[in-house]
Structure formats: C-alpha cells, structure tokens
Amino acid sequence: MVCALPSGIMNYPVSATAPAEDLLTLGQIFSEIGDYASTVLDREHLSLSKRCSTKLRKVVGELISRRCIKSADDLYNMSEGELFCTDLTTLTVGELHRLYRRWPLRRQARTEAGREHLTYYYEGRIVRELKRRKAANKSEQLKIDYCTLTYRNELDNLSFILSKPVDVGGYRISPEADRTYTPSELLALIYLYRPFRDIAERELLIEYVDIALDLMETAADKCQFMELASEILELGRRKIINVPAWVSVFLADALKQSRNNPFVSKAQTVLPLLTLHLHNGNQKLESKASRIINRCYSAAIDSVSVGEIIDINNAIDCLYMAVRYCTYVRQYNVRKMAACWHELCARVFSGRINPSTPEIIRLLTVADDIEKFTEISPSSKASLLTLLEHRAASDDIAARAYFQSRKAYIATAV
C-alpha cells in the first residue's frame, strides 16, 4: 500500500485563496489514502495515516467554511453520469477523474449482472490513460495523483484478499481495443490466464471473460461459442471468478442448436455435455458424453486406417476427445492412440492437410498426454511446435497464448 504521498500534495497550501476544486481533490486523497494506511499496523503507514488525518481536518474545515460541503462524508460523493466510456482518449483529465470515482457503482452493476466484482481492470485503463497525459495545472496533477494512488491501494488490497502478489513481471498479452476476437482466440487467452500467478494476470482473465460474455450475449449462432462457454462456466463452478447464471442456459441452448448444425461434429459436444453434467449433476449428460467418447476412440483408429482422411477436423477432434477423456473409454490402448497421432502428424508434414491453429494445439496437447505412458516422436512434436511458432510470429493470438502458457508450465515444473 501507499506509504508516502508526493510533496506537492503534502505541502499544498490550504488557505482561503486555494481553489475549491483543488481542496476537494486534496480532501479525497487525504481521506482515502489515510483510511487505507490506518489498516496497516506498521510505523510508516500509521505515521502516514496520522499526517493525512491532520491535513484532512484543515481541508475539511476550509471547505465547510466556504459551504462547499457539510461534513467530511461529502468527500465520498460521486457525480452522476455514465459508468463506462468506450474511448477514454476523448475525455479530459477532469472527466477521467470523475469517471474513475464511480467505481463503486460499476462494482454494484457487475454484481447485479452476475459478473466478477472484485476487479479494477477498467480503473486500470483510466489510470493508464491519465499517465499518458501531461497535467496543464496543479488541479489536473492532483486528479492524476488521486487516481494513481488509490488504484495502487486497490490492487494491494486485492493482493491481500486473494493472497497473490500484485505483479510478478513478465510478458503479457493485453487486450486490444480495436480488435475483434474470435471464440478460439478468447478461449486460448482465458486458458492462459486461468491459473493466474498474480493480480495483474487475474485482471486480464476477467477482462477477456468480459469480452467473451459481451459477444455471447448478442450471438445468434451459439454453437461456435460452445467450448468457450464451457470454459467460462467451469471458471464459475471452480469459484475462480464469478460468472453470470445465464451462461449455463446459453450452453444448453448451444447444444440444442448443434443438433441441426451440420458443421458441428458429435466430438465437439463432449466438453459442453461434461461441463453441464458437473454443473447440474445430470447423469444423462455424462452417459451421452461417454458414448460419444467411445465412438471418438473407434473413429480415431478408423480414420487413419484408410488412404485419405475425409474430415481432418473430425479426425483430430476424435483423437483429442479419446485421449483427454480416456477414463471413459472401455478398452483404451494408448499405443493405438500414439499410432493415430503419428499418422495425423505425417499427413500434416506432407502437406496433404493444413490444420488450423486450434487443431495444432490439440495435437500438441494429445502428445503431452500420450508421452506420459508411451513414446512419441520428439521430432514430430518439435515440428508441430515450429509450425505453431511461425504462426505466433505472424500475430496469431491463439498461438502466442499457447506458447506463453507453455513457458509458464515449464517454469512451474522447474
């Protein structure tokens, strides 16, 4: 938490000639920073709290004498207005300050919508925009200081609540305001930050989930969001973050739509079925998923026994489902799955098939699972990684997210 304030704040001359707007901002700083400092029982913070309290009494006395406020409680009042702005660059420093101070209303709105409320990623956007500005006068500098200092305290408070450091450093994939994300990209990014190491990564996780939820709320074709919705629903079930209750309804509706969608294979319904089973305890959903997984196992073996694979998407999906959910397979043989994997890789490298990035990631995930029990070709796995690396270099979000998650996994294992 903040244990010292800039000299421009502590030494600001509180007098009858000081602008009321500056005094109001000063009062907000002294009251909120002082409140936070008083919760930390060390010499530095208690000293800061005492100094803030002394300064606050002087500021409040001056404001009351001018009839700007009736009591110190009025310093916490928020101005009315919109809770969000899509383009922060269009706002002035004063407008950004007022928007920032509406964070309790934004938290309330998120709670009512069923979304995770313990987050300050939007306030972080405002602070980053303010840091790009050059203050035109003392009044603007005070507003920038207020937002910067209180935001730092909020992150420290989250760190205390969740027992995670604020920021352990490292490269991160931040959301791009002008980018339209695909469901597979969002899935990869959410998967990347699901095991968040610090508060900064948790904020990214919540922001990407929000982007996904916004897309899902207006989606006509729900089938393309089945895997993404499954991952988000699982975040809620595991109590990683809060997610709206309507996500489970969305996933159930997507499964119904998939029955009449020729572009959705049965293999693609396995994860939604199992996710809903875990969510509501419906055994029929698990039984249906089990039957599909066993058919996927047989289809994976059959798909590479013929000269050509008619549907590469389905072949990779079937292999992935059979390996990932092998506990449901009645007579599972890992060596047969390894043979299927090698054959599919051979066809990828021969140029006979051109898998998408999510399909390459699935082949690599299968390789990781299989090599725990039997040998696979290290060169084939390395070639897949090289292929994916080329796509990551060309700004393929899903590929970049995969490599970041792989680095984090290796670092954790070491």
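Residues numbered from 1 in each chain as written. Predicted model: local features only at pLDDT ≥ 70, side-chain atom pairs only at ≥ 80, totals over all residues. Heavy atoms only, no water.

(A) Molecular detail of a positive patch on the surface. A grouping of Lys256, Arg259, Lys266, Lys288, Arg291 and Arg295 is seen on the molecular surface, where their side chains present a positively charged patch. Element by element, the count of residues in the positive patch is highest for helix H13 (residues 283-303), at three residues. The topology assignment puts Lys256 in helix H11 (residues 246-258). Of the residues examined, Lys256 reaches a relative accessible area of 48% and is grouped as partly exposed. (Patch = residues over 30% accessible without salt bridge, like charges linked within 9 Å, V, L, I, M, F, W, Y side chains within 5 Å. Areas by Shrake-Rupley, 256 points an atom, 1.4 Å probe, with all protein chains shown as cover. Salt bridge = Lys/Arg side-chain N within 4 Å of Asp/Glu carboxyl O. Lys, Arg positive; Asp, Glu negative; His and termini not counted. Charge placed at Lys NZ, Arg CZ, Asp CG, Glu CD. Helix = DSSP H or I, 4+ residues; strand = E, 2+ residues; numbered from the N terminus. Buried < 20%, exposed > 50% of the residue type's maximum accessible area, 1.4 Å probe, protein only.)

(B) Broad picture of H11. The terminal C-alpha atoms of H11, which comprises 13 residues, lie 18 Å apart, in line with the 18 Å expected from a rise of 1.5 Å per residue. Buried within H11 we find Val247, Ser248, Phe250, Leu251, Ala254, Leu255 and Ser258. Axial view of H11: buried residues confined to an arc of 155°, hence all on one face. Considering only its buried residues, H11 is in contact with helix H9 (199-217), helix H10 (226-237) and helix H12 (270-280). (Expected span 1.5 Å × (residues − 1). Arc of directions from axis to C-beta. Contact = heavy atoms within 4.5 Å.)

(C) Here's a closer look at the packing of aromatic side chains. Counted according to the given criterion, the structure contains nine aromatic pairs. Arranged with centres 6.0 Å apart and planes meeting at 80°, the rings of Tyr181 and Tyr208 form a pair that is edge-to-face. In this pair, Tyr181 sits in the loop between helix H7 (138-162) and helix H8 (183-193) while Tyr208 sits in helix H9, placing the two residues 27 residues apart along the sequence. Like Tyr181, the residue Tyr208 is buried in the burial classification. Centre to centre, the rings of Phe225 and Phe250 are 6.3 Å apart; their planes meet at 80°, and the pair counts as edge-to-face. Separated by 25 residues along the polypeptide, Phe225 in the loop between H9 and H10 and Phe250 in helix H11 bring together distant segments of the chain. Neither Phe225 nor Phe250 differs from the other in exposure class; each is buried. (Phe/Tyr/Trp six-rings, centres within 6.5 Å; stacked < 30°, edge-to-face > 60°.)

(D) Region of the structure containing the packing of helix H6 (residues 121-131) against H7. For the pair H6 and H7, interaxial distance at closest approach is 10 Å and the crossing angle is 140°. The angle between the axes of H6 and H7 places the two elements in the oblique class. Along this stretch, H6 crosses H7, giving a crossing that reads as left-handed. In contact with Glu123, Gly124, Val127, Leu130 and Lys131 of H6, H7 contributes Ile144, Cys147, Thr148 and Tyr151. Across the contact of H6 with H7, the residue classes tally to five nonpolar, two polar and two charged. (Axes fitted to C-alpha atoms, helices over the stretch in contact; angles between N-to-C directions. Parallel < 35°, antiparallel > 145°, perpendicular 65-115°, else oblique. Left-handed = near helix turned anticlockwise from the far one by under 90°. Nonpolar A, V, L, I, M, F, W, Y, C, P; charged D, E, K, R; others polar.)

(E) Quick look at the side chain of Ser49. Within the secondary structure, Ser49 sits in helix H3 (residues 43-65). Classification of Ser49 as buried rests on a relative accessible area of 15%. The residues contacting Ser49, other than those within four sequence positions of it, are Gly34, Ala37 and Ser38.

(F) Region of interest: the pattern of salt bridges. As enumerated under the stated definition, the model contains 31 salt bridges in all. Glu62 serves as the salt-bridge partner of Arg66, at 2.9 Å between the closest nitrogen and oxygen. Between Arg202 and Glu116 there is a salt bridge, with the nearest N and O atoms lying 3.2 Å from each other. Of this pair, Arg202 sits in helix H9 while Glu116 sits in the loop between helix H5 (103-112) and H6, and the two are 86 residues apart along the sequence. No difference in accessibility class separates Arg202 from Glu116, as the two residues are buried. Beyond isolated ion pairs, a larger network of salt bridges with shared partners links Arg110, Arg115, Asp210, Asp214 and Glu217.

(G) Spotlight on the nonpolar core. Counting 129 residues, the largest nonpolar core has Leu5, Ile232, Leu319 and Trp341 as the members making the most contacts within it. Looking at which element gives the most residues to this core, the answer is H9, with nine residues. Non-local contacts of Leu319, meaning those with residues more than four positions away in its chain, are made with Ala300, Met337, Cys340, Trp341, Leu344, Leu363 and Val366. (Core = buried A, V, L, I, M, F, W, Y, C linked by side-chain atoms within 4.5 Å.)

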